[in-house]
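# Overview (structure and organization)
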Amino acid sequence: MKRLAFILLLIVFLPHLAAAELEIGMDIPLKSKEIYQEDRLVAGVSWHERGQVTLTNTGDEILHDILVSVDVPLGMDIEIPIQAMKNISADNNTITASIGELEPGESISFIFSVKPPESIQYKKKGSFVISASYEDGAAPHSSSYTHDVEVVPPPSWITYATVLASISIILLAFLIAWKFNVLEAFTTIDLITIALLAGLIGVVFRWFWQTFNDLLGPLGGLLFTIPTAVLMIIALQLVRKPGTATLLFTVVELVALIVWGTNITVWMGWYMTEGIIVDILVLLFKKDYADRRSTAIIYAVARSAYAYWMFYFFFAPAVWKVYYAPWYAWGEVGIAAIGGLIGGAIGYNIAKKVRGAMM
Amino acid sequence: MAAQYRGYKMKGIMLLISILILVPLASAGEWRGEGTPLYTIAEGAIHGGIYVGGGHGLTYEDPYVEYFDLPANIEYARLYVSMWNYNEGDWIEVSINEDKFGEKSEPDYVAAWGVCHYAFTITDEFSPGLNTVSVTYHNTNGAPYSIVLVAAYKNDTMPQTRFWITEGNHALSEMGKNDNSEVTFESEPLEATTNATLWTMMIAGNEGEMDTLYFNSHLLGEDVGRRKSGAYLDLDRWDVTEFMVDANNSVRFDRGEESYIHPFNAVLAVEYMEDQGEDYIQINTKVESKQTSVPIAVVLVTVLSLLFLVYMVRRKK
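Quick notes on the rules
- Position labels on residues start from 1 in each chain and follow its written sequence.
- To read the labels, note that chains go from A and ligands from 1, taken in the order they are written.
- Restriction of local features to residues with pLDDT of at least 70 applies here, the model being predicted, together with a cutoff of 80 or more for giving and counting side-chain atom pairs; totals for whole chains, interfaces and linings are based on all residues.
- Only DSSP runs of H or I covering at least 4 residues are called helices, and only runs of E covering at least 2 are called strands; the numbering of each starts at the N terminus.
- Exposed residues have 12 or fewer other C-beta atoms within 10 Å of their own C-beta, buried residues have 20 or more, and residues in between are partly exposed; the C-beta atoms are placed from the backbone.
- By the convention adopted here, residues are in contact when the distance between their C-beta atoms, placed from the backbone, does not exceed 7 Å.
- In this entry, domain limits derive from an automatic or database-based domain assignment.
- One bridge is not enough; two strands pair if DSSP finds at least two bridges between them.
- Axes, fitted as lines to C-alpha atoms, cover a helix only where it is in contact. Angles between the N-to-C directions of the axes lie from 0 to 180 degrees.
- Here, a nonpolar core denotes buried Ala, Val, Leu, Ile, Met, Phe, Trp, Tyr and Cys residues that are linked to one another through C-beta atoms within 7 Å.
- Charged residues are taken to be Asp, Glu, Lys and Arg, nonpolar residues to be Ala, Val, Leu, Ile, Met, Phe, Trp, Tyr, Cys and Pro, and polar residues to be all remaining types, Gly included.
- To sort the angles, those under 35 degrees are grouped as roughly parallel, those over 145 as roughly antiparallel, those from 65 to 115 as roughly perpendicular, and the leftovers as oblique.

Bringing the overall build of chain A into the picture now. Counting its secondary structure elements, chain A contains nine helices and ten strands. Scored against the burial criterion, the 359 residues of chain A give a buried share of 42%. A sequence separation of at least 24 residues applies to 77% of the contacts in chain A between residues at least 6 apart.

Take the domain arrangement of chain A next. You'll often see interface size given as the accessible area lost when the parts meet. Residue and element names in this part refer to chain A. Domain annotation of chain A identifies domain 1 (20-152) and domain 2 (156-358). For domain 1 versus domain 2, the separation of C-alpha centres amounts to 44 Å. Contacts between the two partners involve eleven residues from domain 1 and, on the opposite side, seven residues from domain 2.

Here the focus is the environment of B:G230. When you line up the elements, B:G230 lands in the loop between β15 (218-222) and β16 (233-239). Placed 33 residues apart in sequence, B:G230 and B:P263 show a C-alpha to C-alpha distance of 16 Å. Residue contacts for B:G230: discarding those within four places in its chain leaves A:W47, B:G55, B:H56, B:G57 and B:S146.

To continue, consider the sheet that holds strand β14 (residues 212-215) of chain B. Residues and elements named next belong to chain B. Within the open sheet, the four strands sit side by side as β12-β17-β14-β15. Their pairing is antiparallel. Strand pairing shows two members of the sheet lacking a second neighbour, β12 (180-185) and β15, which therefore form its edges. For this sheet the average axis-to-axis angle between neighbouring strands, irrespective of direction, equals 15 degrees.

What follows deals with the nonpolar core. Counting residues in hydrophobic clusters, the biggest one holds 176 residues, and the most contacted among them are A:I233 and A:L248. Examining the composition of this core, we find that 14 residues originate from one element, helix α5 (residues 222-239) of chain A, more than from any other.

All names here are of chain B. Of all the six residues making up strand β5 (residues 99-104), zero are buried; the element is thus mostly uncovered. In the sheet, strand β4 (residues 91-96) pairs with β5 via five bridges, with the strands oriented antiparallel. Along β5, the bridge assignment pairs I92 with K104. In sequence, β4 turns back onto β5 through a hairpin of two residues, with N97 there showing a positive phi of about 50 degrees.

What follows is about the interface of chain B and chain A. If you look at the interface, chain B gives 45 residues, while chain A gives 36 residues. Top contributing element to the side of chain B that touches chain A by residue count: helix α2 (residues 296-316) of chain B, with ten residues. Here the residues of the side of chain B that touches chain A are counted per class, giving 19 nonpolar, 15 polar and eleven charged.

Here we take up the packing of helix α4 (residues 188-212) of chain A against α5(A). All names here are of chain A. For the pair α4 and α5, the least separation of the axes is 9 Å and the interaxial angle reads 170 degrees. In terms of axis orientation, α4 runs roughly antiparallel to α5. When α4 is examined against α5, the residues D190, T193, I194, L197, L200, I201, F205, R206, F208, W209 and F212 are found in contact with a partner set consisting of L223, F224, P227, T228, L231, I234, A235, L238 and V239. Looking at side-chain class alone, the contact of α4 with α5 contains 16 nonpolar, two polar and two charged residues.

So, about the environment of A:W207. All names here are of chain A. The residue W207 is located in helix α4 in this model. C-beta crowding within 10 Å serves as the criterion here: with 23 such atoms nearby, W207 is assigned to the buried category. Considered as a pair, W207 and W330 are 123 residues apart in the sequence and their alpha carbons are 25 Å apart.

Our focus in this paragraph is the sheet that holds strand β8 (residues 107-115) of chain A. Residue and element names in this part refer to chain A. Taking strand neighbours across the sheet as the criterion, the four strands line up as β1-β3-β8-β5 in an open arrangement whose pairing is antiparallel. Each end of this open sheet is capped by a strand with a single partner; those strands are β1 (22-27) and β5 (77-79). The average undirected angle you get between the axes of adjacent strands in this sheet is 30 degrees. Relative to strand β3 (residues 49-57), β1 runs antiparallel, the two being bridged by six bridges. Counted as the bridge partner of D27 is Q52 from β3.

Now the structure itself:
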């Protein structure tokens, strides 16, 4: 009985102990994983995204005559860039690579690039199916690996919908301003104050941030969020009218449009929402124009976090077709919130002093 | 007492604003101006051809690696590493075929918000066949857009080719009110030519924002800057044989609807049907990058804000 059990164990385990092992891995897109989302492609990008297949001999036998084929999903166009490894070709939807030998513990990789579909209506899953056949001197072997990716729609109809929403926000803002005579409530001094503060945010501190953001490394965004929060709180305290923040951030974008040539016309409505959120909070706090430190901080944190959230989770994928790694994007939103916290607190103190000196 | 206190507060605010004005002025500002229009760095005639290759867009990979499959007998080679977000203290280190070639901190051409171009003359380091160029870098928040190689190679079995290699970094922008950039491939009248090829390299074009490219006033393409060679990168090859003129051919980059676009290189190679004298390569003097520290709009808004603050405080008094 013992002998039988031993033989059975040998039958089960021996092939594994002696077997050649070829480990297959894949990375796509071939970009810094610290910044970009892995395994997510955006349809409609104008370039081919690069991917890399890595083969590792994890066994203790030399592997020969390795033939690898990669089935590319969703009919994506394939290009093979110049690279160290030869004998790679692409035919229809399949990439074929031929590798002579792979020593135990050795790895080899090859690069290909694929163009995500021009347009898809909804998010789609796709699988790169990688098959490898090889020999270890004793017998032929094969192994396979499936690498799943997610292809997300390009802006396409989502973009059109969001552009439409953006225009609707602008129209709604104008309608409210017209219906409730909001603009007439602002004096000439109020409008000059808003214009200059917007100029400071959109021109001076934007330049200041672009210039010096490297000094703080990953915290560089603070150089913009803090001054923006400070100036926003000053605007709220000095002007003290409903709609101040919306007007401020609208003018910020208009100034940036003229001075820096930022092309955001169709997105203007979304940029206005930074101010709309603050104005709604002002109303929720019963027309508290950042008169308390706590409300100043709440407004500043809300604006900063929202602005960064919009950038990483809305503008980046919808406009620039870039998906940031979630931890990176949320980290940036967190840093922005900290910037709002600091800016709100400082802004409260400065606004009090400026208000005292001017009014 | 209250007036004195207000006076102190006012001084404090003035001090803060003054610091904000002076700190950027004291530092080397990162707005780098409109940069350097393209000019001819090298030209000549060679029995052989011109190789232009590279890629692959902004990926934040480090090291950033590009492969080149090169012909033999390279007589002149210029390697370009374009980077985003250059600031003082940044550097790149270039390795060729795993041998360290050199480190460079100051880019050769820089414009706008730190879009820059490092250029290296590397003629003797390459070997026929596959070559690997690897760039490691120190650049907080920045990374390479591309590695591009332009090489003139000798091959006596090939016809004589007249060539021009132009380089620079001209920021065409709404802000700078620069709408186009033109470079002329200056020459004596070209006798009996055929097979004219133009290569162009641009950074920061956007798909859908219509720019145009002209060769001797002939439209080569619209929306050429659309990131087709990788994120933010457009490296194109054009057959311009039918558009050639006798002398001083030119290429013009029109910004059109693009907010920003940076022409970096234009290379022209024209095959002679018969030899036109001896082969030669002429290397021209490098043009120094122009720099602008603080945009006028920044100074203007700051001064206006300061004046308004003074007015408001004095008005209260």
